[in-house]
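Commentary on secondary and tertiary structure
Each chain, written out:
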Amino acid sequence: MNVHITEAKRILVANDRGGYTVPTDRLYPFQWNWDSAFVAMGFALYDTNRAYRELERLIEGQWADGMIPHIIFHQPSDTYFPGPNVWRTRHTIPTSGITQPPVFAIALRKVFEAAGNGGQVRALPLYEAALKWHRWWYSARDPEGTGLVALLHPWESGSDNSPAWDIALARVPTTTDTPVIRKDTGHVNASMRPRDEDYSRFIHLVDTYAACGWDPAKQWEKAPFKVAEIQTTAILLKAGEDLEHLAREFGRSEDVEEIAAFNELSRKAILAQWRPGLSRFVSRDLVSGDDVEAATQAGFIPLLSLDLDKDIAGALVDEMRAWSKGLKVTFPTTKPGIASWEPKRYWRGPSWAIINWLLIDGLKRNGHPEAAEELRKSTVTAIEREGFAEYFDPLTGEGCGGLGFSWTAAAYMWLMRSSH
């Protein structure tokens, strides 16, 4: 067996905390939402029982209103800030009060299909949870029924400190009720992490929503940060396609109609965010009403869930190639050379295996297998050379952030499988 696959499996074992996987030791000592969904897809390749368990542990944190939070604090740890005492949520298990990209249903379909016949007993409760969360997105985060779902905190995007938030976040005060005691910079070089000022704004938002008692309608009204986000909506649409597929499998015809209507709404809404002059899709700042024109990976993620016109798909691929020119590792999360590009700082430039995984699937879907293969090779080579790092410096290829990272291990296994 490939020595790197063996190592990838070893990392998942090392990061197992009893049926759920932490992203990496110390830096992220809890269960993270979209991390676990990616990890479950990795497990699905060789241990469907463990893959199901990952998703089952995640929905232990699901709220009564359907939201699946971005962090489930199954066990205490003092190596991470902000912990449960900062979030002040009232769920049966301590959780954060915000969510993360809805990869869950995408993972559930993969696990269900890998498990083969007889998996329905375990899949059904997970399907119910996924549908409940899906409905939450459209009611809590798109109350006006536009088809684009909004984020009320940058952390909900998974791309915490992306240049996409710079303008919207600058309007958020840096004052906090909670002392900001950063733990991340004790584990990882500060030059790779969000800046202190960003952190103060992140915590200001947490304080604001905690004061609303985490009530979605009150949060929507009070939110100083509200972005109808293209990457999250595109992932939600892909999750919706997979949910619709599962609803058919399970004979849930009423659900099929409901989910299909959501999908159609978001499909049209995403297409309306195409900007030919930029050769990518854009998010919308709901506070100012402006397009978010920051050049980030989010503008390409609709490849994942839309069957695009040849012209649009071609323009996206050409733009991706232009961004990738001369880089050691593609695909960068910020356009190289612009003022906000920082090749080592978290979501301001580095290449991430999971983002590449989504883009590879999108490129294949839209008839660009050669571009998909170039990106797959670049990602696999980076991991084989540098190990299972959280992300990679696209200029030097250096592995950055946390090491022994679960979702990088899962992505590697999946990307090796898709080469055959």
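The structure under discussion appears in the preceding block.
Residues numbered from 1 in each chain as written. Predicted model: local features only at pLDDT ≥ 70, side-chain atom pairs only at ≥ 80, totals over all residues. Heavy atoms only, no water.

**Section: the overall build of the protein**
Helix and strand content of the protein: 16 helices and ten strands. Against the globule reference of 22 Å for 420 residues, the protein gives a C-alpha radius of gyration of 20 Å, in line with a compact fold. Reported as C-alpha extents along the three principal axes, the dimensions of the protein are approximately 50 × 50 × 45 Å. When the 420 residues of the protein are sorted by exposure, 63% land in the buried category. Looking at the protein alone, contacts between residues at least 24 apart form 71% of all its contacts between residues at least 6 apart. (Helix = DSSP H or I, 4+ residues; strand = E, 2+ residues; numbered from the N terminus. Rg over C-alpha atoms; globule rule 2.2 N^0.38 Å. Buried < 20%, exposed > 50% of the residue type's maximum accessible area, 1.4 Å probe, protein only. Contact = heavy atoms within 4.5 Å.)

**As for the pattern of salt bridges**
Under the counting rule described, the total for this entry stands at 38 salt bridges. Measuring nitrogen to oxygen at the nearest pair gives 2.7 Å for the salt bridge that ties aspartate 285 to arginine 171. Taken together, the positions of aspartate 285 in strand β7 (residues 283-285) and arginine 171 in the loop between α7 (166-170) and α8 (184-187) put the pair 114 residues apart, joining distant regions of the chain. Across the salt bridge formed by arginine 365 and aspartate 307, the nearest N and O atoms sit 2.8 Å from each other. Of this pair, arginine 365 sits in helix α14 (residues 353-365) while aspartate 307 sits in the loop between β8 (291-292) and α13 (310-324); the two residues are 58 residues apart in sequence, bridging distant segments of the chain. Taken together, the shared-partner salt bridges connect Glu241, Glu264, Arg267, Lys268, Asp307 and Arg365 into one network. (Salt bridge = Lys/Arg side-chain N within 4 Å of Asp/Glu carboxyl O.)

**Digging into empty space enclosed by the protein**
According to the stated counting rule, one finds five cavities of 30 Å³ or more in the structure shown. Considering the residues around the largest cavity, the lining is formed by 22 residues, among which Tyr28, Trp32, Gln100, Asp160 and Tyr346 are closest to the centre. (1 Å grid on protein atoms, 1.4 Å probe; cavity = no way out; pocket = protein on both sides within 12 Å on 5 of 7 lines; lining within 4 Å. Points joined across faces, edges and corners; volume = space filled by probe spheres on them.)

**So, the packing of aromatic side chains**
Taken as a whole and assessed by the stated rule, the structure comprises 36 aromatic pairs. With centroids separated by 5.5 Å and ring planes inclined at 85 degrees, the aromatic side chains of tyrosine 127 and phenylalanine 250 adopt a geometry described as edge-to-face. Note that tyrosine 127 is positioned in helix α6 (residues 120-140) and phenylalanine 250 in the loop between α11 (230-249) and α12 (253-271), a separation of 123 residues in sequence. A residue is classified by how much of its surface remains accessible, and tyrosine 127, at 0% relative accessible area, is buried. Between tryptophan 133 and tryptophan 137 the ring centres are 6.2 Å apart and the planes differ by 40 degrees, which places this aromatic pair in the tilted class. (Phe/Tyr/Trp six-rings, centres within 6.5 Å; stacked < 30°, edge-to-face > 60°.)

**What to know about helix α9 (residues 196-211)**
Since one α-helical turn is 3.6 residues long, residues separated by three or four positions face the same way. An ideal rise of 1.5 Å per residue puts 22 Å on 16 residues; α9 measures up with 23 Å between its terminal C-alpha atoms. Within α9, 13 of the 16 residues are buried, leaving the element largely enclosed by the surrounding structure. Two residues or fewer after α9 comes glycine 213, characterised by a positive phi angle close to 65 degrees. (Expected span 1.5 Å × (residues − 1).)

**Some points on the packing of helix α2 (residues 33-43) against α14**
Close contact between α2 and α14 brings their axes to 12 Å; oriented N to C, the two are set at 65 degrees. Seen from above, α2 lies across α14 with left-handed handedness. Contacts between α2 and α14 pair Trp34, Phe38 and Met41 from the former with Ile354, Ile355, Trp357 and Leu358 from the latter. Residue composition of the contact of α2 with α14, by class: seven nonpolar, no polar and no charged. (Axes fitted to C-alpha atoms, helices over the stretch in contact; angles between N-to-C directions. Left-handed = near helix turned anticlockwise from the far one by under 90°. Nonpolar A, V, L, I, M, F, W, Y, C, P; charged D, E, K, R; others polar.)

**Let's talk about the environment of leucine 278**
Along the chain, leucine 278 falls in the loop between β5 (274-275) and β6 (280-281). By relative accessible area, which is 22% here, leucine 278 ends up partly exposed. In this structure, the C-alpha to C-alpha distance between leucine 278 and alanine 295, residues 17 residues apart in sequence, is 8.7 Å. Contact partners of leucine 278, with chain neighbours within four places excluded, come to Glu293 and Glu319.

**Topic: the sheet that holds strand β4 (residues 227-228)**
Taken in spatial order, the four strands make up an open sheet running β3-β4-β7-β8, and their pairing is antiparallel. Each edge of the sheet is formed by a strand with only one pairing partner; in this case those strands are β3 (150-151) and β8. (Pairing = 2+ DSSP bridges.)

**A look at helix α1 (residues 3-14)**
The terminal C-alpha atoms of α1, which comprises twelve residues, lie 16 Å apart, in line with the 16 Å expected from a rise of 1.5 Å per residue. Along α1, the residues that are buried comprise Ile5, Ala8, Ile11 and Leu12. For α1, the angular spread of buried residues about the axis comes to 115 degrees, placing them on one side. More than 90 degrees from the buried face of α1, the exposed residues found are Val3 and Val13. The inward-facing, buried residues of α1 contact α2 and α16 (406-417). Its side-chain oxygen at 2.5 Å from the backbone nitrogen of histidine 4, asparagine 2 defines the N-terminal cap of α1. (Arc of directions from axis to C-beta. Polar contact = N/O pair within 3.5 Å; in protein donor to acceptor, adjacent residues only side chain to side chain.)

**Comments concerning the packing of helix α5 (residues 104-115) against α6**
The N-to-C vectors of α5 and α6 enclose an angle of 165 degrees; their axes lie 10 Å apart at closest approach. Classed by the angle they form, the pair α5 and α6 counts as roughly antiparallel. Crossing geometry of α5 relative to α6 is assigned as left-handed. When α5 is examined against α6, the residues Phe104, Ala105, Leu108 and Phe112 are found in contact with a partner set consisting of Gln120, Ala123, Leu126, Tyr127, Ala130 and Trp133. Looking at the contact of α5 with α6, its residues break down into nine nonpolar, one polar and no charged. (Parallel < 35°, antiparallel > 145°, perpendicular 65-115°, else oblique.)

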